[in-house]
Each structure stands twice: as C-alpha cells, then as structure tokens.
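Fold and geometry: a report
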Amino acid sequence: MKSVRSGVLACLGVLGVVAACGKDSAPRPVEPPDASVPEACDGGGVVACAGACVNTGVDPAHCGACDNACASEEVCEEGACVAVCRIDGQQVASGAVNPANACEVCLPDTSTARWSARRSIPLLVGGGDLTAQGWTVFSEGPSTLSYGADHVRLATSTVTGERSSGRLLITRADAFDGTRPFRLEVTLQVEAVNRHNTLDSGAAILGGITPPFGTAVERSKMVYLDSAAIGWADETQSAAFPVVDGAYHVYELAVDAAKVATVSVDGVAKLTRNNFTSNGALAIGDQTEDPSVDGAMRIKSVDLLCPPGP
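Right, let's walk through the structure included here. This is a predicted model, so every value here is computed, not measured.

1. Details of the environment of G267
- Secondary-structure assignment places G267 in the loop between β19 (261–265) and β20 (268–273).
- G267 sits 16 residues away from Y251 along the chain, and the two C-alpha atoms are 8.2 Å apart.

What follows is the structure, encoded as structure tokens:
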C-alpha cells in the first residue's frame, strides 16, 4: 500500500510542476506575414495580380485578367477594354453627344481627340417606348398602339354605323427649330389607309402642330398618305406614289431659309410649297375622327438630319 501511495504523490507533484510552468511561461511569438504574398482577395472580380488585390472589372492594367492592359485611348468597363474620346482634357464615352452641338458625337473609330460629325439626330427609334423618347400620344378609340422589334405600330378603325372613327397621333414638341432651315426624315410603312378628306387623313405627317390634333392652318400644310398618292392636305398639290405596297419608304420634309418646303420620297422630290412656317413640333399618324378615314402604319425611325459638316 505504501508503494502505491508514494507513486500517486509523485505523479501529483510532477503535474503541479507542469501546471506551474505553463502558467508562468510567456506565449510564443507570432511570425510576421510574408509581405510578398497578398492576403486573400474578396472575390467578385477582385483577384491577386502582381502581388496586390485588383478589380479586373475596372482596372485598365488588369482588365478582365491579370496583366491584360488597355490601350491609352481605352478604359476598362465590366472587364473589357472600351474605346473612349479624350476631348479638351475630358474623358468622353463612346456615343456621347456634344452638349454644345447635337450634330457632334464621340466616335472613337473616327477620332478619339475631337468630336465627330454625325448624319442625323434620332428622334424616334422603332421598338423603343415612345414616352421615354419624348413623344406624347393622343388617341380616341377605336385605336391601337403596339410595338414590334424595330417599329411602333399605329392603327385606327371605324365602328359600323358610328358617326366618328378612332384617331391616334404621336407628337413630339420641340423636335427641331422651326425658325431655321430643317430636314426631317420619317421611315415608315403604310399597311392600309382610307382616302383622305380635305384637312384630314388617316395617315399623315405634320411638320408643325398645336396639340392635340392641330389647327386648320397647320393641317393645311399636312402631308397626307393615301393608298396610291401623297399630297398637301389643303389639296394644293398631290403626286402619284404606291404608298401601300408592303414596303418601308423614307419620307423627307425639308424647309430651306426661304421657307420653301419640299417633300421627297426615297430621295425623289414629290411636293413643294412656299411660306412654310412651323412651331417646331412634329406629329405622325391618324389625326381625324371622320368616319371611315382610318389607317395602319409602322414607324421604324424619325431623324432630324444634320447640316453638312461638323
């Protein structure tokens, strides 16, 4: 019994010494991290490149991947090198319009150091929401406005026996400066249309309008589109043309400094008139509620043409 008790006491003594040593000993020193190895990057496009964490989505030296550097005339956007303009010391995004001249734009493929001239200013792009593009819709049923991939479609009809019909007109105020020469280009297809009445049409282009459907003076200068002819709505002039032929045509209204207006179709002059004045508003569609004077058309684009040169 004595030997067992002595062994236990000896063990307890050893444990006490170990515990005492552990209590009084200092913690081991932590070695400093290797400065040549970056800490773990957060992800989400942030990766380790050249010993540092970088965002390859926006870093021009590591765009999309480490060491993939963009050229001097490019910036890094969403991991891709994108060309930009640098004009008067300012970075300008591709496609940005000169705030001092809407007929000048940043086109890096043409020049990265200066504004480039463009052919036209888009007023309507088919397939896009009209309201978002600055247009206002005036309608009375039965009428339908719908969108296709590359066009906006306007259609009106007459209920049998009714004394009025649907009308649907899209307008854009301040589309151009009516006090100066201008050229408007409308690309559209007339699917169907009834014959116009004087000052009224189921398919029309107005180069000046007071909402919602125009004054008598404005409507006298309206261009009507019949199934096989175009003309001024006051009956002063008309020209034969296969309007309803299943194709898109380009209708241009140009007014010069002498207020002489010319209407061309696909580049061929069809109508002219003197003393054409405008308030700068533009309208397209069916502007009459006359029964059985209806139409259906698809508008692909409307552009204000820029003068030659920058």
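Next comes the rest of the description.
2. A few points about the sheet that holds strand β5 (residues 90–93)
- Spatially, the three strands line up as an open sheet ordered β3-β4-β5, and their pairing is antiparallel. Only two strands of the sheet have a single neighbouring strand rather than two, namely β3 (74–77) and β5. Here the strands of the sheet are splayed against their neighbours by 50 degrees on average, with no regard to which way each runs.
- As paired elements, strand β4 (residues 80–87) and β5 share four bridges and run antiparallel to each other.

3. Digging into the sheet that holds strand β16 (residues 229–232)
- Strand order in the open sheet formed by seven strands is β9-β12-β21-β14-β15-β16-β17, with antiparallel pairing between adjacent strands. Of all strands in the sheet, those bounded by a partner on one side alone are β9 (136–140) and β17 (238–240). Strand-to-strand, the axes of this sheet are offset by a mean angle of 15 degrees, without reference to chain direction.
- Sheet topology places strand β14 (residues 204–206) next to strand β15 (residues 223–225); two bridges connect them, and they run antiparallel. Bridging from a neighbouring strand, I205 pairs with V223 of β15.

4. Notes on the pairing of β3
- Direction of pairing for β3 relative to β4: antiparallel, over a ladder of four bridges. Note on β4: the bridge partner recorded for E74 is A83.
- Taken together, β3 and the strand that follows it, β4, pair antiparallel across an intervening segment of two residues, in which E78 is found at a positive phi of about 55 degrees.

5. Considerations on the pattern of salt bridges
- One pass over the full model with this rule turns up nine salt bridges.
- The salt bridge involving E289 is made with R167; its shortest N-O contact spans 3.9 Å. Within this pair, whereas E289 is found in the loop between β21 (282–286) and β22 (295–305), its partner R167 is found in strand β12 (residues 167–172), the two being separated by 122 residues in sequence.
- Note that E191 is salt-bridged to R298, the shortest N-O span being 2.5 Å. Of the two residues, E191 is situated in strand β13 (residues 182–193) and R298 in strand β22; the sequence distance between them amounts to 107 residues.
- Looking at R298, the relative accessible area reads 30%, which means it is partly exposed.
- Overlapping salt bridges bring together E140, R167 and E289 as one network.

6. Some words on the packing of aromatic side chains
- Throughout the structure, instances matching the rule amount to three aromatic pairs.
- Ring centres of W232 and F276 lie 6.3 Å apart, and the angle between their planes is 50 degrees; this geometry places the pair in the tilted category. Placement of W232 in strand β16 and of F276 in the loop between β20 and β21 is noted, with a sequence separation of 44 residues between them. Across the pair, F276 and W232 agree in class, each one buried.

7. A few points about the nonpolar core
- The biggest cluster of nonpolar side chains holds 42 residues, and the ones touching the most others in it are L188 and I299.
- Broken down by element, this core gets its largest block of residues, six residues, from β13.
- With sequence-adjacent residues up to four places away left out, L188 is seen in contact with I205, L225, A247, Y248, H249, Y251, I284, M297, R298, I299 and K300.
- Counting nine residues, the second-largest nonpolar core is a separate cluster that includes F213, M222, A281 and A283.

Conventions adopted
- Residue indices begin from 1 for each chain and proceed along its sequence in written order.
- Per-residue local features are limited, in this predicted model, to residues with pLDDT of at least 70; the limit for side-chain atom pairs, both in listing and counting, is 80 or more; totals at the level of whole chains, interfaces and linings are taken over all residues.
- As a rule here, side-chain values come from all non-hydrogen atoms in the structure, and water together with hydrogens is ignored.
- Secondary structure elements follow DSSP: runs of H or I no shorter than four residues count as helices, runs of E no shorter than two count as strands, and numbering proceeds from the N terminus.
- What makes two strands pair is DSSP finding at least two bridges between them.
- A fitted line through C-alpha atoms represents every axis, and for helices the fit uses only the stretch in contact; the resulting angles, taken between N-to-C directions, go from 0 to 180 degrees.
- Salt bridges are defined by distance alone: a side-chain nitrogen of Lys or Arg within 4 Å of a carboxyl oxygen of Asp or Glu.
- Each residue is placed in one exposure class: buried if its accessible area under a 1.4 Å probe, protein chains only, is under 20% of its type's maximum, exposed if it is over 50%, and partly exposed if it falls in between.
- Each pair of aromatic rings taken from Phe, Tyr and Trp, with Trp reduced to its six-membered ring, is defined by centres within 6.5 Å and is described as stacked if the planes are under 30 degrees apart, edge-to-face if over 60, and tilted in the remaining cases.
- Take the buried Ala, Val, Leu, Ile, Met, Phe, Trp, Tyr and Cys residues and link them wherever side-chain atoms come within 4.5 Å; each set so joined is a nonpolar core.
- Should any heavy atoms of two residues lie within 4.5 Å, those residues are counted as being in contact.

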